[in-house]
Amino acid sequence: NPDAPVTVTEYISYTCPHCRDFTLQGEEILKVGYVQPGKVCFEYRHVAANIVDTTATMLAFCGAPEKFPRNHAALMAAQPQFNALRHMATKAQQDRWNYGDEAARRRAVASDLNLYGVLERRGYTRAELDRCLNDQAEADRLNAAADLAWKEIGGTPAFAVNGTLLANVHTWDALSAK
């Protein structure tokens, strides 16, 4: 609800295990207890730390805006698997992710880390996902926003209330106390 009296902003990274912890522990409580009654507007600020984050974020936003919440939940649920694959990546895979055409790099990440599979189970086709990953203007926008956010925050997750960054608040317990 954009007209809610309080806005809570979460700075999030899809490769951040602590962000996943918040998603599992507090996000639903926040939505049901505060957002649905109109007390809080909850917004995500994606803070890409690497090519995997950029790829996952672009996939989360793929499709109509109303698909985002379930895309987000699916990616967070799959995070342990894709992070494990990321840490086991071969040099050849890492080179595919870090060199060459940027859209091809994102498609390689999606393929190597099974991010395509996560969203295909949500009903997307590979062609639809590739269209999203090929959108260089969107990637540039996300990365520029992340660069700005990193100047404000020290890590993820981080939270702001009505535009004021909360110091040392990185968990649901700490946020709920505020």
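An account of the accompanying structure is given in this report.

Definitions and cut-offs
- Residues numbered from 1 in each chain as written.
- Predicted model: local features only at pLDDT ≥ 70, side-chain atom pairs only at ≥ 80, totals over all residues.
- Heavy atoms only, no water.
- Helix = DSSP H or I, 4+ residues; strand = E, 2+ residues; numbered from the N terminus.
- Core = buried A, V, L, I, M, F, W, Y, C linked by side-chain atoms within 4.5 Å.
- Buried < 20%, exposed > 50% of the residue type's maximum accessible area, 1.4 Å probe, protein only.
- Contact = heavy atoms within 4.5 Å.
- Pairing = 2+ DSSP bridges.

Before going further, it helps to examine the environment of Ala-145. Summarising the element assignment, Ala-145 is placed in helix H8 (residues 136–152). Between the alpha carbons of Ala-145 and Ile-12 there is a distance of 12 Å; along the sequence they are 133 residues apart.

The tendency in soluble globular proteins is for nonpolar side chains to be buried side by side. By size, the foremost hydrophobic cluster in this structure holds 45 residues, and its most contacted members are Tyr-14, Leu-115 and Leu-175. Setting aside chain neighbours within four positions, we find Leu-115 in contact with Thr-55, Ala-56, Leu-59, Leu-75, Phe-82, Val-109 and Ala-110. Grouped together as the second largest cluster of nonpolar side chains are eight residues, Tyr-11, Ala-48, Ala-149 and Ala-160 included.

Along the chain, Gln-136 falls in helix H8. As a C-alpha pair, Gln-136 and Glu-102 span 34 residues in sequence and 7.7 Å in three-dimensional space. If we skip the residues at most four places from it in the chain, Gln-136 touches Glu-102, Ala-103 and Arg-106.

Right, let's talk about the sheet that holds strand E3 (residues 158–161) for a bit. In any sheet, the strands associate via hydrogen bonds between backbone groups, in a parallel or an antiparallel arrangement. Across the sheet, which stays open at both edges, the four strands sit in the order E2-E1-E3-E4 with mixed pairing between neighbours. Two strands lie at the open edges of the sheet, namely strand E2 (40–46) and strand E4 (164–165), each paired on one side alone. The pairing of E3 with E4 spans two bridges and is classified as antiparallel. Residue pairing across strands places Ala-160 opposite Leu-165, the latter belonging to E4.

Of note, the bond from Thr-156 into Pro-157 is cis; its omega dihedral lies within 30 degrees of zero at -5°. You can see Pro-157 is positioned in the loop between H8 and E3. A positive phi angle, close to 50°, is found at Asn-162, a residue other than glycine. Mapped onto the secondary structure, Asn-162 falls in the loop between E3 and E4. Not every positive phi belongs to a glycine, and Asn-168 is a case in point at roughly 55°. Here Asn-168 lies in the loop between E4 and helix H9 (172–177).

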